[in-house]
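The chain contents come next:
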Amino acid sequence: MPRGPASGPGRLLPGKFGPRAMAKSCSLHIRVVEGRALPAKDVSGSSDPYCLVKVDDEVVARTATVWRSLSPFWGEEYTVHLPMDFHHLAFYVLDEDTVGHDDVIGKVSLSREAITADPRGIDSWINLSRVNPDAEVQGEVRLAVQLLQDARGRCLRCHLLQARDLAPRDISGTSDPFARVFWGSQSLESATIKKTRFPHWDEVLELREMPGGPAPLRVELWDWDMVGKNDFLGMVEFSPQILQHKPPNGWFRLHPFPRAEEDSGGGLGALRLKVRLAEDRVLPSRCYQPLMALLLESVRGPPEEDTASPLAVLEELTSGDCRQDLATKLVKLFLGQGLAGPFLDYLTRREVARTTDPNTLFRSNSLASKAVEQFMKLVGMHYLHEVLKPVINRVFEEKKYMELDPGKMDLGRARRISFKGTPSEEQVRETSLGLLTGYLGLIVDAMVASAGRCPAAMRLAFRRLQQRVEERFPGAEHQDVKYLAVSGFLFLRFFAPAILTPKLFALRDQHADPQTGRSLLLLAKAVQSIGNLGQQLGQGKELWMAPLHPFLLQSVARVKDFLDQLVDVQVDEEAGGPARALVPPSLTVREGFLLKRKEEPGGLATCFAFKKRYFRLSGETLSYAKGPECQAHASIPVPHIRAVERVDEGAFQLPHVMQVVTRDGAGTPHTTYLQCKNVNELNQWLSALRKASAPNQDKLAACHPGAFRGGRWTCCLQAERSAAGCSRTHSAVTLGDWSDPLDPDAEAQMVYRQLLLGRDQLRMKFLEESHPDAAEEADTGQGSCPEALARQKAAAARLLEVLEDLDRAHDEFQWQGQGKVAPGPWGS
């Protein structure tokens, strides 16, 4: 077998990459962790805080509301796929009110430069700042500027064409924009366009140069108000040098007036945030072949070389959050190659080989543990939903009070629920025990009956895992270890976390309220105990769980039978080989009730024109019916979709509306309007539809965010139905989730970036002579120290060689000009 890229035709040669340019990839990894010391906004002396996450003024996520808390914990994570030209990220903290508008508490604003200042991103507490309306600008203005010379001197001609996506300043959700143009001591104003965020002026303003030095050009946009002062909408400014050598012509992003960000000094509280920007340019597939060859060699190599393989060296260079990121990328990479099973077998084989105490097996956050955990999330999410969603929905809907811990028991709450006077502690315990065993019975029944529905790839991985454990711990005293190895992943790292926080596994759209959250915690603890086969019952501090022990012990035998069925699979390799998708095109990736209205040629639309329908989205169609059990009434072929965009509230006087713009086989355009329940559901449907239609050709670069009503577009006031779209589309903006298409080239690029961060450590740890740690770590019991150390050095040298080749490849593409990012619309 070839040992490296230098020994075969896979060697990378600079300048021989072929004509295909690099693809561009940009993702924001966001975690809204918690808040502290927030001000009280309610008369009760508390607040009900939640966060809005905005990217370039577009709301991409909303956290759950944490009721009655000034130090809320959210712990919500988002991955947002973006175009390469995004500018800033903002977090707004608001207090939810059941009556009236929500109160704004403060915000954290992060520029692209601040996020990328450290390659590891941001992980810190940041004080909230006050929200200044004059700083809340958004949108762009289109200008064409000329400097002319005539007998009277120099003249600046500013052609004010239009603006788009301006901030809504009026209660109607629109603005009345006009422009002021300043050049030196001269200024002019444009006409005011009423009730629009997308004004079309097409107006030329000419200013004469006055005595004095060269002056900059400043264009300000304002919202005209009949009463009170006008509201600032944003500005752009161009230096004399730009005016002279490259007069502005095109779209320009609006900015606030220059001023320092107002820090409240902690008076408004603070947010703990984790933010990292992953942006890269992905080379053609052939450039990653040497790296892939090394990684595949590790998986396919003999077991005695496990400790000295390139993958083993890579694992030594990572820790903490980086290890989890690396695990995710490697799992996706090997899934794309159809080799996830052998990859996981390689990692678990190494982990089992170096474990001496079976009680500690897979208990650490090793690369093997993280990889299996991420593999289950990527491959098994649909299976998880089938097993748990019915019971989780029932717990949320029934809202039963359950508590076994005397220290947390609220007899007053139990009284309010029962309406039969104040119950005793024993009565609450008995009632709670009955409810808990009822829910647990449903959960266990669903789990033990699900072996046949578990994905074949997961079953095969668990079978290999159990075989490795049996080989390592064959004695009769270790007969349960083979079960614990599998249940430790499936129950403790998959089922139990999903029960505890169903929103993070897309089982629910919102976090649980405190009472339901406590019920879910009790159920998750019970499932963990079952996953541990009841071995730790009665040994911890939570002796108040003892009433549940009989039920849990009765479930252990059923769980063992289930695990035996789970690994009883006769598939030798994953079916299908290399893949590009984690779900087949026919599988439903999103479903639920939406309110639907189809565009009509005439008539005035009202809220009653929207009809409730049950929608299902797959990779092939968006279909809908009157209910989940009804036959599909109609469907939209996904290949016909040309744009999926938000709709302004003013179009129908309704929030959370989106539009699906299609073109049928005859080329006729159609628009379907859909209303969602909340902003998170809207973002999830937008993301799912955009990803499903991502391969489509001829997608729209611009569309109307309004509706054609009363003979004109509500957004830009154009009177022609066929008028060009006034707002750019956002097809590149999606939320990352388990159903994302696989992209082995992008995953290989991320592994390359991970290696770059550890290049110096790689040289120092494995290649420098007489390094004290290297010889010590090489002694693993598999061969002599000198032999293992020599294999590690050889693997490190080959990794460094591949890194140098990829460095040259990136430099070559940059030199050819194919890697430069040109400014353009989000949908480009």
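Considering the confidence of the model for the chain
In this model, the chain carries an average pLDDT of 84, and 87% of its residues clear a pLDDT of 70 or more. The low-confidence segment residues 1-20, where pLDDT is below 50, has 44 contacts with residues more than four positions distant or belonging to other chains.

Considering the pairing of strand β9 (residues 153-164)
Among the 12 residues that make up β9, 9 are buried, leaving the element largely enclosed by the rest of the structure. Between strand β8 (residues 140-150) and β9, which pair antiparallel in sequence order, lie 2 residues. Bridging between β9 and strand β12 (residues 200-208) involves 7 bridges; their strand directions are antiparallel. Each bridged residue has a counterpart across the sheet, and for cysteine 155 the counterpart in β12 is arginine 208.

So, the sheet that holds β8
Two pairing modes exist for strands in a sheet, parallel and antiparallel, and in both the strands are linked by backbone hydrogen bonds. Strand order in the open sheet made by the 4 strands is β12-β9-β8-β15, with antiparallel pairing throughout. Every other strand in the sheet has two partners, leaving β12 and β15 (249-253) as the edge strands with one partner each. Between one strand and the next, the sheet's axes are offset by a mean angle of 25°, whatever the strand orientation.

Describing the side chain of glutamine 466
By the secondary structure assignment, glutamine 466 is in helix α10 (residues 456-472). Beyond its immediate chain neighbours, meaning those up to four positions away, glutamine 466 contacts Lys482, Tyr483, Val486 and Val567.

A closer look at the sheet that holds strand β21 (residues 641-647)
Across the sheet, which stays open at both edges, the 7 strands sit in the order β20-β19-β18-β17-β23-β22-β21 with antiparallel pairing between neighbours. Two strands close off the open sheet at either side, each with one partner strand: β20 (634-637) and β21. The mean inter-strand angle of the sheet, taken between neighbouring strand axes irrespective of direction, is 35°. The pairing of β21 with strand β22 (residues 657-663) spans 6 bridges and is antiparallel. Considered in β22, the bridge of glutamate 645 is made with glutamine 659.

Re the environment of tryptophan 183
Within the secondary structure layout, tryptophan 183 lies in strand β10 (residues 177-183). With 35 residues separating them in the primary sequence, tryptophan 183 and arginine 218 have C-alpha atoms 6.7 Å apart. Excluding its chain neighbours within four sequence positions, the residues that come into contact with tryptophan 183 are Leu147, Arg154, Cys155, Leu156, Leu207, Arg208, Glu209, Ala215, Pro216, Leu217 and Leu243. A distance of 3.1 Å separates a polar atom in the side chain of tryptophan 183 from the backbone oxygen of alanine 215.

Concerning unusual backbone geometry
A negative phi holds for most residues other than glycine; trans holds for most peptide bonds. Of note in the backbone geometry, aspartate 56 takes a positive phi value of approximately 50° without being a glycine. For aspartate 56, the position within the fold is in the loop between β2 (49-55) and β3 (58-62). The backbone of aspartate 57 shows a phi angle near 70°, a positive value even though the residue is not glycine. Topologically, aspartate 57 is positioned in the loop between β2 and β3.

A closer look at the environment of glycine 153
Tracing the backbone through its elements, the reader meets glycine 153 in strand β9. Given the relative accessible area of 17%, glycine 153 is considered buried. Residues contacting glycine 153, with those up to four places away along its chain left out, are Leu148 and Arg208.

Focus: the pattern of salt bridges
Counted according to the given criterion, the structure contains 46 salt bridges. We note a salt bridge from arginine 798 to glutamate 297, for which the minimum N-O separation is 3.1 Å. Taken together, the residues arginine 798 in helix α19 (residues 785-816) and glutamate 297 in helix α3 (residues 289-300) connect sequence positions 501 residues apart. Taking the relative accessible area as the measure of exposure, arginine 798 reaches 10% and is therefore buried. Residue classification places glutamate 297 among the buried positions, given a relative accessible area of 10%. Residues arginine 394 and glutamate 398 are paired through a salt bridge, measuring 2.8 Å at the closest nitrogen-oxygen approach. In this pair, arginine 394 and glutamate 398 are both assigned in helix α7 (residues 367-398), 4 residues apart and thus about one turn of the helix distant. Overall, arginine 394 belongs to the partly exposed group, its relative accessible area being 39%. Beyond isolated ion pairs, a larger network of salt bridges with shared partners links Glu315, Arg350, Glu351 and Arg354.

Description of α3
Across its 12 residues, α3 extends 16 Å between first and last C-alpha, which sits within 8% of the 16 Å expected from 1.5 Å per residue. Among the 12 residues of α3, 9 are classified as buried, and the element is accordingly described as predominantly covered. Listed in full, the buried residues belonging to α3 are Pro290, Leu291, Met292, Leu294, Leu295, Leu296, Glu297, Ser298 and Val299.

Definitions and limits used
- Residues numbered from 1 in each chain as written.
- Predicted model: local features only at pLDDT ≥ 70, side-chain atom pairs only at ≥ 80, totals over all residues.
- Heavy atoms only, no water.
- pLDDT = per-residue confidence, 0-100.
- Contact = heavy atoms within 4.5 Å.
- Buried < 20%, exposed > 50% of the residue type's maximum accessible area, 1.4 Å probe, protein only.
- Helix = DSSP H or I, 4+ residues; strand = E, 2+ residues; numbered from the N terminus.
- Pairing = 2+ DSSP bridges.
- Axes fitted to C-alpha atoms, helices over the stretch in contact; angles between N-to-C directions.
- Polar contact = N/O pair within 3.5 Å; in protein donor to acceptor, adjacent residues only side chain to side chain.
- Salt bridge = Lys/Arg side-chain N within 4 Å of Asp/Glu carboxyl O.
- Expected span 1.5 Å × (residues − 1).

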